[in-house]
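Spelled out, the chains give:
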Amino acid sequence: MVVRWRNQDRVRMNHVYREFLTEEEEREYFRTRVIPGEYIHLIACLGDEGRTPFGCVIYHDYDREAKSVEGGLFIGEESALGRGLGSRMLELGADRVREILDIRTVTAKVFEDNIASLAAHARAGYIPCGRLDEVRCTDGEVKPMILMEKRCDAR
């Protein structure tokens, strides 16, 4: 399911890593990154529809000293688009990661032309805090990203 979601053009093209993923690569990612706790990978589900999975929120690059973590999300199911679920995923994801890690700040990097993601982050309380002008994607495209952050209450 996650591989199918991640390989959709509309999802893949909003990542720096744009290669198609195989199931084996995704299993290896879970085995080497998620299980050891380097990444926190949450599956978002629609509670009102029988816990139907529709997307992912992922946290990585935990900085103990700065008490910050970087996060990102994607919505895999077309039926979940345009319903405000991205901002809800970011809100609930920040709450969950704060339960797991001692954080004050969640950061995000969003491509400047990804208007839906920028809006979802803003609705979830993220504010712009910087810019990366020339981010090179794995397919060679270079484009700017907006740095965003959300201040959280540390435990």
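Cut-offs used in this document
Residues numbered from 1 in each chain as written. Predicted model: local features only at pLDDT ≥ 70, side-chain atom pairs only at ≥ 80, totals over all residues. Heavy atoms only, no water. Buried < 20%, exposed > 50% of the residue type's maximum accessible area, 1.4 Å probe, protein only. Helix = DSSP H or I, 4+ residues; strand = E, 2+ residues; numbered from the N terminus. Arc of directions from axis to C-beta. Contact = heavy atoms within 4.5 Å. Salt bridge = Lys/Arg side-chain N within 4 Å of Asp/Glu carboxyl O. Polar contact = N/O pair within 3.5 Å; in protein donor to acceptor, adjacent residues only side chain to side chain.

Visitor: Could you give me a rundown of helix α5 (residues 115-123), with the residues and numbers involved?
Guide: Along α5, the residues classified as buried are Ser117, Leu118, Ala120 and His121. Down the axis of α5, the buried side of the element spans an arc of 160°, and every buried residue falls inside it. Across from the buried face of α5, at angles greater than 90 degrees, the exposed residues are Ile115 and Ala116. Residues of α5 that are buried make contact with β3 (68-75), α4 (85-100), β4 (105-111) and β6 (142-151).

Visitor: Outline the pattern of salt bridges, listing residues and values.
Guide: Between side chains of opposite charge, pairing is possible as soon as their charged atoms come close. A complete count under the given rule lists 16 salt bridges for this structure. Across the pair Arg4 and Glu77 runs a salt bridge whose closest N-O atoms are separated by 3.0 Å. With Arg4 in helix α1 (residues 2-6) and Glu77 in the loop between β3 and α4, this residue pair connects regions lying 73 residues apart in the sequence. One salt bridge connects Arg12 with Asp9, and the closest N-O pair in it is separated by 2.4 Å. Of this pair, Arg12 and Asp9 both sit in helix α2 (residues 9-12), separated by 3 residues, roughly a single helical turn. Here the residues in one salt-bridge network are Arg18, Asp139 and Glu141, joined through shared partners.

Visitor: Quick one: what's the story with the environment of His121, residue by residue and with numbers?
Guide: Structurally, the position occupied by His121 is in helix α5. We classify His121 as buried; its relative accessible area is 2%. Distance in space between the C-alpha atoms of His121 and Ser87 is 6.0 Å, their sequence separation being 34 residues. Excluding residues within four positions of it along the chain, His121 makes contact with Leu73, Leu90, Ala108, Val110, Tyr126 and Met148. Only 2.8 Å separates the side chain of His121 from the backbone oxygen of Ser117, close enough to count as a polar contact.

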